[in-house]
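Residue-level structure breakdown
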Amino acid sequence: MLIPHPLLGLRDAQEFVYLGDASLIERPDGMAEGAPRAFYEYAYLRDNPTGVHRELWFHEQGDRSWLIVTRNISTHEILGAELARDVALKSLDDKRKGGAA
Amino acid sequence: MRFSALRVIAEGLTGHRGWGPLWRNPDPKPEYDYIIVGGGGHGLSTAYYLANTFKQARIALVERGWIGQGNIGRNTTIFRSNYLLPGNEPFYEFSMKLWEGLEQAFNFNAMVSQRGIINLIHTDGQRDAYRRRGNAMLLAGADAELLSRDQVREICPFLNFDNARFPIKGGLMQRRAGTARHDGVAWGYARGADQAGVDLIQNCEVTGFRIENGKIRGLETSRGYIGAKKVGVAVAGMSGKVMAMAGMRLPIESHVLQAFVSEGLKPVIPGVITFGAGHFYVSQSDKGGLVFGGDIDGYNSYAQRGNLPVIEDVAEGGMALMPMIGRARLLRAWGGIMDMSMDGSPIIDRTPVEGLYLNAGWCYGGFKATPASGYCFAHLLATDRSHDVARLMRLDRFESGHVIDEKGVGATPNLH
């Protein structure tokens, strides 16, 4: 599998370490009400869907950036990749805007 | 129809005209007391023990495709009971005892062959760990034997004992472990269940659960609605997708595991051998092919096929362990979808939906568990209580903290 790295172009998937579902980027608030339950769901439960899956890959033997790769896990076709940092910042931005509105 | 030597001789003399199909192909009835979802090894053995051992009736098994087309036909056919933890070892030893009486029990030749397994030791630390594991096995009533380097050499003279990085220092042996004909296991259980009155309904995909007031009522399937008092789900790699239809998220990810077989060779490997420094294990089938495998590919997959880097990794492990394997040509490689749980151990438990039960999370060790998994799941379905050896294999253990983590790597399914 070749992963289209947004900065480095096509890279062999072997250069990466796999973490799992991209939702792992949204860590629960440890101080919130019901945090133990939220952390249990965060750490252990997965949607584990068939078909299109967004997932975290770490470019360990490359530029050491975290990517969010969109992949069809029923066929291994890779549909796109973006920097996890961009996704996280955008999500934070959306939350701030949502809070202001 | 019972199989016997006399029957084989009689059929041989009359042109083999008396053999019939091993099981019926019935249409679904409107309602059953029990429906097992999944016609793989675990589903079939569940149906078999539910009908034969626990004497229940009105049982159906529904399967999306054909009987035994999933992981029961895709594994490396090894059974063993060399686990460490109290939540696992008694269960696998129970499974071992069922393997030992299996062919007589279901009157079918599953080619169960107790040819032994050796886990190789390469360091002093590993010897300590295997000594401890061997003691844990003995405490659970299993057999275990610590072999010296010379004893290993006597059994497997062809191994690379003086590899510069990973010299072989000894091994942990379980003589009662072995291999079986995996398809024969599926067919034996299917036939045994069918003869006890279980309806094996093939080409019948579950498309939804009918749940009212938190209680199961029946299944929506591609062949219409089927009512059920109790439903047991044993669908391995598809657990996440099936249980999502009941509104549940599971502590499971689906990954692909590859396995390999070489061209047929004369008998060379006496039992099962596992490399202790990389992930590689090998045995030889009765047809002569070397059957071997290694790690899962490491990313979520439902594709039933893997990629080349893992093939290279497995081949490297093989070459490090027994350089002669380099002379054999690889004949076939294939993949199966593993239900990798968050602690590497399985789940046999009820679910929050009354009457809906789950058997899942076998990671890549499901084949050896086939008899005990079915027995314990049938026990749970029939009596509503967990069997003693499976009582720790609970669905809620991740929330309560009672995980059964043999490898100690936590909630990283691709590392178990």
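Residues numbered from 1 in each chain as written. Chains lettered and ligands numbered in written order. Predicted model: local features only at pLDDT ≥ 70, side-chain atom pairs only at ≥ 80, totals over all residues. Heavy atoms only, no water.

Considering the overall build of chain A
Along chain A, the regular secondary structure elements total 2 helices and 6 strands. Along chain A, from the amino end to the carboxyl end, the secondary structure elements read β-β-β-α-β-β-β-α. Along the longest, intermediate and shortest principal axes, the C-alpha atoms of chain A span 40 × 30 × 25 Å. As displayed, chain A offers around 5,900 Å² of accessible surface, 54% of which is attributable to carbon and sulfur atoms. Positive and negative charge centroids in chain A, built from 12 and 16 side chains respectively, lie 3 Å apart. (Helix = DSSP H or I, 4+ residues; strand = E, 2+ residues; numbered from the N terminus. Areas by Shrake-Rupley, 256 points an atom, 1.4 Å probe, with all protein chains shown as cover. Lys, Arg positive; Asp, Glu negative; His and termini not counted. Charge placed at Lys NZ, Arg CZ, Asp CG, Glu CD.)

Observations concerning the overall build of chain B
A tally of regular secondary structure across chain B gives 10 helices and 18 strands. In terms of C-alpha radius of gyration, chain B reaches 21 Å, essentially the compact-globule figure of 22 Å for 416 residues. Its C-alpha atoms give chain B principal-axis dimensions of roughly 65 × 65 × 40 Å. Every one of the 416 residues in chain B was classed for burial, and the buried ones make up 56%. The contacts of chain B with a sequence gap of at least 6 include a subset with a gap of at least 24, amounting to 74%. Accessible area for chain B stands at about 17,100 Å²; split by element, carbon and sulfur atoms hold 52% of it. Within chain B, the 40 negative side-chain charges are centred at a point lying 4 Å from the centre of the 45 positive side-chain charges. (Rg over C-alpha atoms; globule rule 2.2 N^0.38 Å. Buried < 20%, exposed > 50% of the residue type's maximum accessible area, 1.4 Å probe, protein only. Contact = heavy atoms within 4.5 Å.)

Comments concerning the layout of surface pockets
All names here are of chain B. Approximately 530 Å³ is the volume found for the second largest pocket. Around the second largest pocket, the lining is made up of 25 residues, and of these H182, S285, D286, K287 and V291 lie nearest the centre. Top contributing element to the lining of the second largest pocket by residue count: strand β12 (residues 252-264), with 4 residues. Its residues assigned to classes, the lining of the second largest pocket shows 6 nonpolar, 12 polar and 7 charged. There are two domains that each give the lining of the second largest pocket at least three residues, and those are domain 1 (19-77 + 182-250 + 343-415) and domain 2 (113-176 + 253-341). (1 Å grid on protein atoms, 1.4 Å probe; cavity = no way out; pocket = protein on both sides within 12 Å on 5 of 7 lines; lining within 4 Å. Points joined across faces, edges and corners; volume = space filled by probe spheres on them. Nonpolar A, V, L, I, M, F, W, Y, C, P; charged D, E, K, R; others polar. Domains from an automatic or database assignment.)

Observations regarding the domain arrangement of chain B
Quite often, the size of an interface is put as the accessible area lost when its parts meet. Residue and element names in this part refer to chain B. Domain assignment breaks chain B into domain 1 (19-77 + 182-250 + 343-415) and domain 2 (113-176 + 253-341). Once you take the C-alpha centre of each, domain 1 and domain 2 turn out to be 29 Å apart. The interface is formed by 19 residues belonging to domain 1 together with 24 residues belonging to domain 2. Summing the contributions of domain 1 and of domain 2, the shared interface buries around 1,800 Å²; its carbon and sulfur component is 53%. Its largest share of buried area at the contact with domain 2, domain 1 owes to R74, Y364 and P413, together 38% of the area lost on that side. Our count for the domain 1 to domain 2 interface comes out at 0 salt bridges. (Buried area = accessible area lost by both parts, 1.4 Å probe. Salt bridge = Lys/Arg side-chain N within 4 Å of Asp/Glu carboxyl O.)

Examining the sheet that holds strand β16 (residues 330-341) of chain B
Residue and element names in this part refer to chain B. Strand order across the open sheet formed by 8 strands is β5-β6-β4-β13-β14-β15-β12-β16, with mixed pairing between neighbours. Both edges of this open sheet fall to β5 (145-148) and β16, since each of them pairs with a single strand only. With direction set aside, neighbouring strand axes in the sheet form an average angle of 25°. Note: strand β4 (residues 117-121) against strand β6 (residues 170-174), 5 bridges, orientation antiparallel. Within β6, the position partnered with I117 by the bridge is Q174. (Pairing = 2+ DSSP bridges. Axes fitted to C-alpha atoms, helices over the stretch in contact; angles between N-to-C directions.)

A closer look at the packing of helix α2 (residues 41-52) of chain B against helix α6 (residues 182-195) of chain B
Residues and elements named next belong to chain B. For the pair α2 and α6, interaxial distance at closest approach is 8 Å and the crossing angle is 35°. When you trace α2 past α6, the crossing you get is left-handed. Along its contact with α2, which presents L44, S45, A47, Y48, Y49 and N52, the element α6 presents A186, Y189, A190, G192 and A193. (Left-handed = near helix turned anticlockwise from the far one by under 90°.)

With respect to α6(B)
All names here are of chain B. End to end, α6 covers 20 Å across 14 residues, agreeing with the expected 20 Å (1.5 Å per residue, within 8%). A large share of α6 lies buried, amounting to 11 of its 14 residues. Within α6 the residues assigned to the buried category are H182, G184, V185, A186, G188, Y189, A190, R191, G192, A193 and D194. Buried residues in α6 make contact with α2, α3 (89-106), β8 (199-201) and α9 (366-383). Directly after α6, the chain includes G197, whose backbone phi takes a positive value near 100°. (Expected span 1.5 Å × (residues − 1).)

With respect to a nonpolar patch on the surface
A surface patch of nonpolar side chains, about 250 Å² in accessible area, is lined by M1(B), V8(B) and W19(B). By relative accessible area, which is 45% here, V8(B) ends up partly exposed. (Patch = residues over 30% accessible without salt bridge, like charges linked within 9 Å, V, L, I, M, F, W, Y side chains within 5 Å.)

Focus: the sheet that holds strand β3 (residues 17-21) of chain A
Residue and element names in this part refer to chain A. Taken in spatial order, the 4 strands make up an open sheet running β3-β4-β5-β6, and their pairing is antiparallel. The open sheet is flanked by β3 and β6 (77-83), the only strands paired with a single partner. Direction aside, neighbouring strands of the sheet carry axes that sit 30° apart on average. Looking at chain direction, strand β4 (residues 52-58) and strand β5 (residues 66-72) are connected through 7 bridges and run antiparallel. Residue H53 lies in a different strand from β5, and its bridge partner there is R71.

Remarks on the side chain of Q126(B)
Structurally, the position occupied by Q126(B) is in helix α4 (residues 124-139). Setting aside anything within four residues of it in sequence, one finds Q126(B) in contact with L120(B), I121(B) and G276(B).

A look at the pattern of salt bridges
Two side chains of opposite charge can pair, provided their charged atoms sit close to one another. Residue and element names in this part refer to chain B. This model, assessed by the stated rule, comprises 34 salt bridges over all chains. A salt bridge links E220 to R210, with the shortest nitrogen-to-oxygen separation between them at 2.8 Å. Linking E220 in strand β10 (residues 215-221) with R210 in strand β9 (residues 206-212), this pair joins segments that are 10 residues apart in sequence. Overlapping salt bridges bring together E93, K97, E100, D143 and R176 as one network.

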